[in-house]
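# Fold and contact review
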Amino acid sequence: MSMYGRDPWGGPLEINTADSATDDDRSRNLNDFDRAAMSRPLDETQQSWLLGPGEQKKKKYVDLGCIIVSRKIFLWTVGTVLAAGFLIGFITLIVKTVPRHHHRPPPPDNYTVALNKALMFFNAQKSGKLPRHNNVSWRGNSCLNDGKSDSSSVIKDLVGGYYDAGDAIKFNFPASFAMTMLSWSVIEYSAKYEAAGELSHIKDVIKWGTDYFLKTFNNSADTIDRIAAQVGVGDTSRGPAPNDHYCWMRPEDVDYERPVYECHSCSDLGAEMAAALAAASIVFKDNKAYSQKLVHGARTLFKFARDQRGRYSAGGADAAIFYNSSSYWDEFVWGASWLYYATGNTSYLQLATNPVLAKHAGAFWGGPDYGVFSWDNKLAGAQVLLSRMRLFLSPGYPYEEILRTFHNQTSIVMCSYLPYFTSFNRTKGGLIELNHGRPQPLQYVVNAAFLATLYSDYLSASDTPGWYCGPNFYSTDVLRKFAETQIDYILGKNPRGMSYVVGFGNHYPKHVHHRGASIPKNKVKYNCKGGWKWRDTSKPNPNTLVGAMVAGPDKHDGFHDVRTNYNYTEPTIAGNAGLVAALVALSGDKSAGIDKNTMFSAVPPMSPTPPPPPAPWKP
């Protein structure tokens, strides 16, 4: 019996049940079978089943342990990776070896460059034991016996602080105004100081001043009866006696007596020093202990100013010759404003917005010097400072009426700065004559430039495009343009092509009225009269007083670079403080604007505290 099956490769397959065939027959039949079977190609499964392990071909797969991949794919992958690696390496080699141009950051603008220099002036004016990194090679420790050498002075340690100008006198009245201005500029423009790399420097400059002010009265007391107003004397009208104006000596060589002037009735000085400490307390708010010390000192000084009325320069005081104060009412408004911002105590705000104080300070009448902001008259600055509150806080009743008046007065002052109005003349070169052609004009110009730029930034930050001068509307850009033209004049865009900031540009004063800068540091001690030869020589100063803004040109744009003529060539710390403030306000990206909130960091919410929620209802 036979059984037929189908050959899976296409032919019939017959299997005999009886194994009658011989071995030769079987062998021959198998050969025939092999030839028939191999007449067409077999797939791998068929080959392995039929042929078994006897014949092995080259493997087409690669076992990677965790995965099996096609050998062809594996080789292509490895080859591709190697080729890509070679290509990347080759490109990298080309990029590294071929020279290319680096895109450097844009150079700093002129205002930033001048700012870096203007701050250096304060390093040159430091009195006392200098810090290690003061960066003024020709300066050294000086006047280390201030206070101790005057037996009549109750306050004995008066080492430190700043020399006022080209002499070695320390006047607290203009010095405290200078520190207030610097602090104000830091509060508004700390980001710009940081961008210029000067934030830590300006804070050191301010702290050097406030540390000294804390020495000039009993800062641990709540009530005081005196302030050290001045160290050194400059009056030469009584004949040839050695003092800080008669002698021409380096501060390091001073060997004559330096008397201390104490005042017991000096409201203007007390209120200005209170403003300086209050403003600095906001600058140093992150240093809680020091900030509180400054606030306490400011409170004590302001109380003294209010309790013991009088002008610090009255009664034939030496200061009257150099820094005579016209009144103390403007310092009351100014000091109270700063104390409110520093403490949040509304009693100070009530005082700053008192119409009687404002009237005495001259807020409601004009006059030739209305709107001129200086070490003597703080009204214009106080009005801008209080306008800030109205623009950003809108405190409402009972402050709104007087704040609106201050805001309107500020608008009028800003109008007076513009060339379209005739409140102030201008030189042919374009310098505004805020002091009506009198000498030393630049200190007033820089203060106005700061107020104009700051007020412009206030308006921009409050989304106000401009303001009205009578029927005409002017954009905030006009104020900034005014400030730029004035500062540009000071930096060299004037008929003489003269930069009035020493060390800025190529053409600047070389005979600055300054004792330290005019006498070489050559290990020779020149006595009181021995330094006169350096005062009177026509040679340039041996030391460059970097960053000093000199007194400035006359009303005809003329300037005489003569050492003995201080009306042209003497710098002051009050003038340089205004310059620094104006420069930082104009520096960098104008869209950066002001810091709206830091000024109000100690001010509580103006609206009344809401009542607590009612207790849960119970049936």
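Since the structure is predicted, the reported quantities are computational estimates derived from the model, not experimental observations.

## Side note on the overall build of the chain
Counting its regular elements, the chain contains 20 helices and nine strands. By the burial criterion, 50% of the 619 residues in the chain qualify as buried. Of the contacts made within the chain by residues no fewer than 6 positions apart, 73% connect residues no fewer than 24 positions apart. Carbon and sulfur atoms form 55% of the exposed surface of the chain, whose accessible area is close to 30,800 Å².

## A word on the nonpolar core
In terms of nonpolar packing, the biggest core is built from 167 residues, with Trp184, Trp338, Tyr417, Phe450 and Ile487 touching the most fellow members. Looking at this core, the element that brings in the most residues is helix 15 (residues 442-461), giving 13 residues. Formed by nine residues, the second largest nonpolar core is a distinct cluster that contains Tyr163, Ala168, Tyr246 and Cys528.

## Overview of the pairing of strand 8 (residues 466-469)
Where a strand is regular, its side chains alternate between the two sheet faces. In this sheet, strand 9 (residues 472-475) lies alongside strand 8 in antiparallel orientation, the contact comprising four bridges. If you follow Tyr468 over to strand 9, its bridge partner there is Phe473. The hairpin turn running from strand 8 into strand 9, its antiparallel successor, is two residues long, and Gly470 in that turn takes a positive phi close to 65 degrees.

## Some words on helix 15
Between the first and last C-alpha of helix 15 there are 28 Å, a value that for 20 residues agrees with the 28 Å anticipated at 1.5 Å per step. The buried fraction of helix 15 is high, at 18 of 20 residues. Looking one or two places after helix 15, you find Asp463, whose phi comes out positive at around 60 degrees.

## Description of the state of the cysteines
Tallied over the full model, the rule gives three disulfides. Disulfide partner of Cys247: Cys528, at an S-S distance of 2.0 Å. Sign of the S-S torsion, about -90 degrees for the bond between Cys247 and Cys528, identifies this disulfide as left-handed. Taken together, the residues Cys247 in the loop between strand 6 (227-231) and strand 7 (260-263) and Cys528 in the loop between helix 17 (515-518) and helix 18 (532-536) connect sequence positions 281 residues apart. Residue classification places Cys247 among the buried residues on the basis of a relative accessible area of 1%.

## Concerning the packing of aromatic side chains
This structure, assessed with the given rule, holds 34 aromatic pairs. Relative to Phe332, the ring of Phe302 lies with its centre 6.2 Å away and its plane at 70 degrees, an arrangement referred to as edge-to-face. Highlighted residues: Phe302 in helix 8 (residues 288-307) and Phe332 in helix 10 (residues 329-343), separated in sequence by 30 residues. For the pair Phe302 and Phe332, a shared accessibility class is recorded, and that class is buried. One aromatic cluster is present, built from ring pairs that chain together Phe177, Trp184, Trp334, Trp338, Tyr340, Tyr341, Phe373, Phe450 and Phe600.

## Details of the packing of helix 7 (residues 267-283) against helix 8
Axes are the key here: two packed helices are described by the angle between their axes and the distance separating the axes. Look at helix 7 against helix 8: their axes get within 8 Å of each other, and the N-to-C directions meet at 160 degrees. Looking at the two axes, helix 7 sits roughly antiparallel to helix 8. Every pair of crossing elements has a handedness; the one defined by helix 7 and helix 8 is left-handed. Contact residues: Ser267, Gly270, Ala271, Met273, Ala274, Leu277, Ala278, Ala280 and Ser281 in helix 7; Ser291, Leu294, Val295, Gly297, Ala298, Leu301, Phe302 and Ala305 in helix 8. Its residues assigned to classes, the contact of helix 7 with helix 8 shows 12 nonpolar, five polar and no charged.

## Details of the environment of Ala361
Turning to its location among the elements, Ala361 is positioned in helix 12 (residues 355-361). The buried category is assigned to Ala361, whose relative accessible area is 11%. Along the backbone, Ala361 and Phe332 are 29 residues apart, and their C-alpha atoms lie at a distance of 8.5 Å.

## Remarks on the confidence of the model for the chain
When the pLDDT values of the chain are averaged, the result is 88; 86% of them are 70 or greater. pLDDT under 50 marks residues 1-40. Its contacts with residues more than four places away, or in other chains, come to 21 contacts. Per-residue pLDDT stays below 50 along residues 42-57; that stretch engages in eight contacts with residues further than four places along the chain or on separate chains.

So, how was this worked out
Residues numbered from 1 in each chain as written. Predicted model: local features only at pLDDT ≥ 70, side-chain atom pairs only at ≥ 80, totals over all residues. Heavy atoms only, no water. Helix = DSSP H or I, 4+ residues; strand = E, 2+ residues; numbered from the N terminus. Buried < 20%, exposed > 50% of the residue type's maximum accessible area, 1.4 Å probe, protein only. Contact = heavy atoms within 4.5 Å. Areas by Shrake-Rupley, 256 points an atom, 1.4 Å probe, with all protein chains shown as cover. Core = buried A, V, L, I, M, F, W, Y, C linked by side-chain atoms within 4.5 Å. Pairing = 2+ DSSP bridges. Expected span 1.5 Å × (residues − 1). Disulfide = S-S within 2.5 Å. Phe/Tyr/Trp six-rings, centres within 6.5 Å; stacked < 30°, edge-to-face > 60°. Axes fitted to C-alpha atoms, helices over the stretch in contact; angles between N-to-C directions. Parallel < 35°, antiparallel > 145°, perpendicular 65-115°, else oblique. Left-handed = near helix turned anticlockwise from the far one by under 90°. Nonpolar A, V, L, I, M, F, W, Y, C, P; charged D, E, K, R; others polar. pLDDT = per-residue confidence, 0-100.

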